[in-house]
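# Survey of secondary and tertiary structure
Single-letter residue listing:
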Amino acid sequence: GVYLGQGCYGSAYKYNDEYGNFRVAKIYHPKYIPEQYIDPQNNIAQSSINLVERNARVWNDVYKKLDLVKEATAVAYLNQEMNGQDFDVLDMPFMRGSKITDKDAIDANKYFIRKTGREMLDAFSPGNIKQITRKGKHIYVPVDIDRMVLIGKRKKSFYSVNIP
């Protein structure tokens, strides 16, 4: 495959599948547990396996809500042996598109929140969001969804409710 780049979580490669479609294999660094995936209540670190499975689930959910796919197309492959080491791999379609500006990143996050209920925490990182044209409309597409989080409705805190 063609090397696309490396981030905090792993390296990405573009390749052609058996049907001639471009896909991306994101190979996660072995035994990598990012700090943000530590459960603060139990102080238990979730494994990178959970991260890869979560990212496949989020990718499929987000792309369905953005009307970019009709069926699940991202897949997590766990414990894939390469050069004597086990790696976890997220496999997903390659998304063509153009780079975006910082202002576009702000607009893209608003679009993602409105359509999916999720925000991309690292929207300003180059290459994490692309812009494509579908049916004559420009659409923002999340490319790297490792740090795309669900935005819940905030509850008023105890202090704002009970202290005048």
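Everything below is about the structure printed above this text.
Residues numbered from 1 in each chain as written. Predicted model: local features only at pLDDT ≥ 70, side-chain atom pairs only at ≥ 80, totals over all residues. Heavy atoms only, no water.

Counting 32 residues, the largest nonpolar core has W59, Y63, L90, F112 and I129 as the members making the most contacts within it. For this core, the leading source of residues is helix α1 (residues 48-65), giving 7 residues. When neighbours within four sequence positions are excluded, I129 is seen to be in contact with S98, I100, A108, F112, M120, A123, Y140, V141 and V143. (Core = buried A, V, L, I, M, F, W, Y, C linked by side-chain atoms within 4.5 Å. Buried < 20%, exposed > 50% of the residue type's maximum accessible area, 1.4 Å probe, protein only. Helix = DSSP H or I, 4+ residues; strand = E, 2+ residues; numbered from the N terminus. Contact = heavy atoms within 4.5 Å.)

It is worth spelling out the sheet that holds strand β3 (residues 22-28) at this point. Pairing in this open sheet of 5 strands is antiparallel, and the strands run β1-β2-β3-β7-β6 from one edge to the other. Of all the strands in the sheet, the pair left with one neighbour each is β1 (2-6) and β6 (75-82). Geometrically, the sheet is characterised by an average inter-axis angle of 30 degrees between neighbouring strands, direction not taken into account. (Pairing = 2+ DSSP bridges. Axes fitted to C-alpha atoms, helices over the stretch in contact; angles between N-to-C directions.)

Time to look at the pattern of salt bridges. Two side chains that carry opposite charge are able to pair once their charged atoms sit near each other. Throughout the structure, instances matching the rule amount to 6 salt bridges. Note that K26 is salt-bridged to D146, the shortest N-O span being 2.2 Å. Of this pair, K26 sits in strand β3 while D146 sits in the loop between β10 (137-142) and β11 (148-150), and the two are 120 residues apart along the sequence. Overall, D146 belongs to the buried group, its relative accessible area being 2%. (Salt bridge = Lys/Arg side-chain N within 4 Å of Asp/Glu carboxyl O.)

Judged from the 4 bridges that link them, β1 and strand β2 (residues 10-16) form a sheet pairing that is antiparallel. In the sheet register, Q6 faces β2, and the bridge partner there is S11.

Sheet analysis places strand β9 (residues 129-134) next to β10, joined by 6 bridges and oriented antiparallel. Bridging across to β10, K130 finds its partner in V141.

Okay, the side chain of N60 next. Mapped onto the fold, N60 is located in helix α1. Given the relative accessible area of 9%, N60 is considered buried. Reaching out from N60, the side chain makes a polar contact with the backbone oxygen of A56 at a distance of 3.0 Å. Here T73 takes part through its backbone nitrogen, which lies 2.9 Å from a polar atom of the side chain of N60. Discounting residues that sit within four places of it in the chain, N60 has contacts with A72, T73 and A74. (Polar contact = N/O pair within 3.5 Å; in protein donor to acceptor, adjacent residues only side chain to side chain.)

Our next topic: the side chain of D91. Here D91 shows up in strand β7 (residues 85-93). Given a relative accessible area of 7%, D91 falls into the buried group. In terms of polar contacts, D91 uses its side chain to reach the side chain of Y15, at 2.4 Å. In this structure the side chain of D91 is engaged in a polar contact, spanning 2.7 Å, whose partner is the side chain of R23. In this view, D91 contacts Y15, R23, V24, A25, T73, A74, V75 and Y77; residues no more than four positions away in its chain are not counted.

The values reported here are purely geometric and, on their own, carry no functional implication.
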